[in-house]
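Residue strings, one per chain:
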Amino acid sequence: MNLYVRYFDHEFLAKTVEEALDFIASIGEIKLESNAAARIITFLNSSNLYPFRLKVSYSNYVLFLKTEAETLEKFKEEEAIRKEQKSDRINSMAEHKKSVIDALNEEKIGWWDASLLFKRVITIPETGKCKYADTRFRVKLKANSAMDAYNRITDHLRNRPEVDSRSQFPSAKSSNFQYTYLGEDMEEAAE
């Protein structure tokens, strides 16, 4: 395992802890503490995959990353690929989230079969204490969209006297809210 070492715009790929220490010593403004080598060795031998920051002054750090790369150029190529993949994942998640929101807000006036799993507060008679219990509420209702159906269900449940006001409702975007469009009139929905 090699170490990528960076201090501001100074960077180096070290194959040993000694090479890393020599690189740091070559930067005039850094004064290392006596336990720096031991801390770097501990990081290198640990299973930690996150970057390690070695404090070298009041507000400055030397950054260490573990890598299999043999050269600084190879490390930079791998990092560029990793950042691109991370960007693709973030974009994919954003597109999925957008498609979920679009589906919820798509206007389809008619009958919906909707199910909501929420955390209902229930009082235990023996102790007088409360607990949360998963409670499923399912209904067929007329709404303008899936989001409208969600809002109508949560409003209905919040206004029911047997549903404690401390009960917790999931987000409409979560898997705890499921819905199916049945059609514009009830006869279509029955088929």
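Residues numbered from 1 in each chain as written. Predicted model: local features only at pLDDT ≥ 70, side-chain atom pairs only at ≥ 80, totals over all residues. Heavy atoms only, no water.

Our next topic: the packing of aromatic side chains. By convention here, two paired aromatic rings are described through the distance between centres and the angle between planes. In the structure shown here, the tally under the stated rule is 10 aromatic pairs. A ring pair is formed by F12 and F23, whose centres lie 5.2 Å apart and whose planes are at 15 degrees; its orientation type is stacked. You can see F12 sitting in strand β2 (residues 10–14) and its partner F23 sitting in helix α1 (residues 17–25), a full 11 residues away along the chain. By relative accessible area, F12 is classed as partly exposed at 29%. For the pair Y150 and F177, a centre-to-centre distance of 5.1 Å together with 70 degrees between the ring planes defines the contact as edge-to-face. Within this pair, whereas Y150 is found in helix α4 (residues 146–158), its partner F177 is found in strand β7 (residues 177–183), the two being separated by 27 residues in sequence. In this pair, the class of Y150 matches that of F177, namely buried. Residue placement shows R53 over the ring face of Y61; its charged tip is 4.1 Å from the ring centre. It is K55 that lies over the ring of Y58; its NZ or CZ is 5.9 Å from the centre. (Phe/Tyr/Trp six-rings, centres within 6.5 Å; stacked < 30°, edge-to-face > 60°. Helix = DSSP H or I, 4+ residues; strand = E, 2+ residues; numbered from the N terminus. Buried < 20%, exposed > 50% of the residue type's maximum accessible area, 1.4 Å probe, protein only. Lys NZ or Arg CZ within 6 Å of the ring centre and 35° of its normal.)

Next up on the list: the side chain of S167. For S167, the location among the structural elements is in the loop between α4 and β7. A polar side-chain atom of S167 sits 2.9 Å from the main-chain carbonyl oxygen of D164. (Polar contact = N/O pair within 3.5 Å; in protein donor to acceptor, adjacent residues only side chain to side chain.)

Shape descriptors only; they carry no functional weight alone.
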